[in-house]
Amino acid sequence: MSNVARHRITELTQEIREHQFKYYVLDAPTITDAEFDLLLKELSELEAKNPELLEPDSPSLGVGGGFSTTFEQHDHIEKMMSLDNVFDLDELGLWFDRVEKEITEPRYLCELKVDGLAINLLYENGELVRALTRGNGVTGEDVTLNVKTIKNLPHTLKGSRIPDQIEVRGEVFFPITAFNELNESLDEAGKQLFANPRNAAAGSLRQKDPRVSASRPLSVVVHGIGAHVGGKFQSQSEAYEFLKGLGLPTSNRFRVVSTRADVEKFVAHYNEHRHDVEHEIDGIVIKVDEIASQQVLGFTSRAPKWAIAYKYPPEEVTTKLLDIRVSVGRTGRVTPFAFMEPVKVAGSTVTNATLHNQEEIERKGVLIGDTVIIRKAGDVIPEVLGAVIAQRTGKEKKFVMPTHCPECGSVLKAITEGDVDIRCTNQRSCPAQLRERIYYIGSRAALDIDVLGLEAAVALLADKILEDEGDLFNLNQEKLAASRFFTKKDGTPGKNVEKLLAALEEAKARPLWRVIVALSIRHVGPTAAQALATRLGSMDAISAATIGELADIDGVGSVIAESIVEWFAVDWHQMIVKKWSAAGVAMRNVAGEIKPQSLAGLTFVVTGGLEHFTRDSIAEVITAHGGKPSSSVSKKTDYVLVGSDPGSKFAKAQELGVTIIDESAFIALLEDSK
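What you see as residue numbers is a count from 1 along each chain, following the sequence as written. Predicted model: local features are reported for residues with pLDDT of at least 70 only, side-chain atom pairs are reported and counted for 80 or more only, and whole-chain, interface and lining totals are derived from all residues. Neither water nor hydrogens contribute to the side-chain values; these are computed over all heavy atoms in the structure.

With that settled, the discussion passes to the overall build of the chain. Strands are runs of DSSP state E lasting at least 2 residues, helices are runs of H or I lasting at least 4, and numbering of each runs from the N terminus. Looking only at helices and strands, one finds 24 helices and 22 strands in the chain. Computed over C-alpha atoms, the radius of gyration of the chain comes to 29 Å, within 12% of the 26 Å expected from 2.2 N^0.38 for 674 residues, which places it in the range of a compact globule. Expressed as lengths along the three principal axes of its C-alpha atoms, the size of the chain is roughly 80 × 65 × 50 Å. Every one of the 674 residues in the chain was classed for burial, and the buried ones make up 49%. Only heavy atoms enter the contact rule, under which two residues are in contact if any of them lie within 4.5 Å. A sequence separation of at least 24 residues applies to 67% of the contacts in the chain between residues at least 6 apart. Accessible surface, the chain as shown: approximately 32400 Å² in total, 50% of it carbon and sulfur. In the chain, 77 side chains carry a positive charge and 96 a negative one; their mean positions are 2 Å apart. Atoms considered for the radius of gyration are the C-alpha atoms alone. The globule rule reads 2.2 Å times the number of residues to the power 0.38. Only protein chains enter the accessibility calculation, which uses a 1.4 Å probe; a residue is then buried when its area is under 20% of its type maximum, exposed when over 50%, and partly exposed in between. Computed by Shrake-Rupley with a 1.4 Å probe, the accessible areas treat only the displayed protein chains as cover when residues are assessed. Residues scored as charged are limited to Lys and Arg (positive) and Asp and Glu (negative), so that His and the chain ends carry no count. Think of each charge as sitting on NZ of Lys, CZ of Arg, CG of Asp or CD of Glu.

In structure tokens:
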């Protein structure tokens, strides 16, 4: 057995070292954190069973990759420990057992495990003198100049209890909103995107030129203390209050509890709400709160026994790309998607992930047969991030876009010259387009019709109840009785019949702009639809307007104007509008629907999270009050509305001297008709 174990330990050690190098030095990991944790766990278990095979330089005894880049290295005054991980409540229960065997009635501090880059900050006489990465736990890389560009980190401590010397441990992270904005700007510039916020934080901090780091909206949160001279506290939570009093950025999301059940509730809460936080988290850290108890429990060679990390299911995993297929959307757009071996990600099993278009496939360099990295955040459709090139066998093959629609056989082509998207030309009767259009009508973005989901849309078309969306508002019990989806086994109307008919009746009174959105006119979303409804007031006026008249409306422009005129020029499109109108769907603005035009002529850019508005609703509000929402800051921008954790647009506004306002100032503008 020892020879087999020796071989496997050698194999694991080499593999782990390679992954550490890719992770810590290249910032280009080829496996996920969860997969790395499993390798390290296997190594630790083998060494525990075969202690004679444990080498002094084993990765299981370290806390990361002790690899250097071009940055100078320094030792930490006190070793930076890592954390042991558990992956389910049973493993967490075993940790509780070990703690409570030594400590009677311990109190536990629960906090979020920020998915960022560990940092050690050394303050002497209140001044930040050095910032080191974790490195191998003993020695880290000096990134002081880059860390000093982080806006929420003080260079000088405040308060009356400033210690002579203190090492502060924390995590540098990239706020999710800012990360999305950074990737948008990189995409516009044709540059390679960051795979995730952790990589973006690491890549931004490891820059030779601090000006590059300064241009990235990094943030930091502190969560521990290393060596210190001065400053005494009895518990971890008291230490956090001490750090907060020094002006350091601490989290307000930690909680001290006294029972296992309360810890498990905290874990469950943030598993459900992990995407409500401004930064990414990959689990919860649980610590024994009392310092005296921590000292009793002590440490292993790499981690404290008084703390544990509960890791959530991974949101990035690898799987086999079996095929690349295409789907057809409501406007005919053909989108390639990855068909993969089933894999569990973020708690659910997925087999499909979007690939956007042919150009995106080529940019990511993905081949059929590749091992690919996929990611899923919240309710977002899983997306392929890229291929694991090292695992190619030579049997992979390139994807070629089809020339004909997979659902109706019609020719696929680009509508306009230079368009990266190709579309099915059978707009009226392509089953895929019909299905998606009817489904979209019922969505929250359009008329928000309860029961009219994808299954209902499929049933209405398959059972020949609808030929197209024009007859949607003429449905009745008699027509729906022809569908097994809407009837019980005995043939009587199911509960969804009454719900659907009531929802359709309610939808007839929706605002005009929602009706415009529901028509699935290419390029016309909520912002343009609100601008059209506000300026022209009725469907008749919109359909009769010229390209020039439409393009003159703020929030519309020439491309959308051409698309609107082209749409209304099609006779069966006009028939849909007539049928809906005859059925009682609102085709004009009603009294009181038009908002005061307090923002008329003003252009707004929004960055960061807002308290009273979502991303969609703030654009709707701006447009409804006569303003124009924009995605990029320029000298023509009138206001930049800044929320929490603003992105690069905030820095751009400062650079250009554009007026910056907060949410309360924006609300005041809405109410001031002057």
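Bringing the nonpolar core into the picture now. Residues enter a nonpolar core if they are buried and are Ala, Val, Leu, Ile, Met, Phe, Trp, Tyr or Cys, with the set joined through side-chain atoms within 4.5 Å. Membership of the largest hydrophobic core comes to 57 residues, with the highest contact counts inside it found for Ile449, Phe473 and Trp580. At the level of elements, α12 (431-441), α13 (454-462), α15 (495-507), α16 (512-518), α17 (526-536), α18 (539-544), α20 (557-568) and α21 (571-583) are the ones that each hand at least two residues to this core. If we ignore the near neighbours within four places in the chain, the residues touching tryptophan 580 are Ile441, Glu469, Gly470, Phe473, Val515, Ala518, Leu519, Val585 and Met587. Among the nonpolar cores identified, the runner-up in size contains 34 residues, and Val143, Val147, Ile150 and Ala201 belong to it.

Cysteine sulfur pairs qualify as disulfides if the two atoms are within 2.5 Å. Summed over the entire model, instances satisfying the criterion amount to zero disulfides. Cysteine 424 takes part in no disulfide bond, and the closest cysteine sulfur, belonging to cysteine 408, lies 3.6 Å away.

Moving on to the sheet that holds strand β2 (residues 85-86). Pairing in this open sheet of five strands is mixed, and the strands run β2-β11-β10-β3-β9 from one edge to the other. The two strands at the open ends of the sheet, each matched to only one other strand, are β2 and β9 (255-257). Note: strand β3 (residues 108-114) against strand β10 (residues 281-288), seven bridges, orientation antiparallel. Its bridge partner lying in β10, tyrosine 108 is registered against valine 288. Sheet strands in contact with helix α8 (residues 236-245) are β3, β9 and β10, and its direction is about 55° off that of β3. Contacting β3, β9, β10 and β11 (307-311), helix α9 (residues 260-272) runs over the sheet at an angle of about 20° to β3. Strands were regarded as paired on the criterion that DSSP finds at least two bridges between them. To obtain each axis, a line is fitted to C-alpha atoms, and for helices this fit is confined to the stretch in contact; angles are then taken between N-to-C directions over 0 to 180 degrees.

Along the chain, isoleucine 564 falls in helix α20. Judged by relative accessible area, isoleucine 564 falls into the buried class, the value being 1%. Put simply, isoleucine 564 and leucine 669 are 105 residues apart on the chain and 31 Å apart in space, counted from C-alpha to C-alpha. When neighbours within four sequence positions are excluded, isoleucine 564 is seen to be in contact with Ile521, Val524, Leu532, Ile542 and Leu550.

Attention now goes to the packing of aromatic side chains. Only Phe, Tyr and Trp rings are paired, with Trp represented by its six-membered ring, and only when their centres lie within 6.5 Å; those with planes under 30 degrees apart are stacked, over 60 edge-to-face, the remainder tilted. Following the criterion strictly, the structure yields 15 aromatic pairs and no others. Measuring from ring centre to ring centre gives 5.7 Å for phenylalanine 604 and phenylalanine 666, while their planes differ by 85°; the resulting arrangement is edge-to-face. With a gap of 62 residues between them, phenylalanine 604 in strand β19 (residues 603-607) and phenylalanine 666 in helix α24 (residues 663-671) connect regions that are remote in the sequence. On the accessibility criterion, phenylalanine 666 (0% relative accessible area) is buried. Relative to phenylalanine 666, the ring of phenylalanine 613 lies with its centre 5.8 Å away and its plane at 85°, an arrangement referred to as edge-to-face. Remark: phenylalanine 666 occurs in helix α24 and phenylalanine 613 occurs in the loop between β19 and α22 (615-624); sequence separation between them is 53 residues. Judged by relative accessible area, phenylalanine 613 falls into the buried class, the value being 15%. Three or more aromatic residues link up through ring pairs in this structure, and these residues are Phe604, Phe613, Tyr639 and Phe666.

Turning to the packing of helix α3 (residues 89-102) against α9, a few remarks are in order. One way to put it is that α3 packs onto α9 with a least axis distance of 12 Å and a crossing angle of 145°. For the pair α3 and α9, the crossing hand works out as right-handed. Packed against α3, whose contacting residues are Leu89, Leu92, Gly93, Phe96, Asp97 and Glu100, the element α9 presents Arg260, Val263 and Glu264 at the interface. Here the residues of the contact of α3 with α9 sort into four nonpolar, one polar and four charged. Crossing chirality is assigned from the near helix's rotation relative to the far helix, an anticlockwise turn below a right angle marking it left-handed and a clockwise turn marking it right-handed. Classes in brief: Ala, Val, Leu, Ile, Met, Phe, Trp, Tyr, Cys and Pro nonpolar; Asp, Glu, Lys and Arg charged; the others, Gly included, polar.

Below, the discussion takes up α8. Inspection of α8 places Gln236, Ser237, Ala239, Tyr240, Phe242 and Leu243 among the buried residues, and these make up the whole buried set. Those residues of α8 hidden inside the fold are in contact with β3, β7 (165-173), β8 (219-229), β9, β10 and α10 (291-297). Count one or two residues on from α8 and you reach glycine 247, which has phi positive near 90°.

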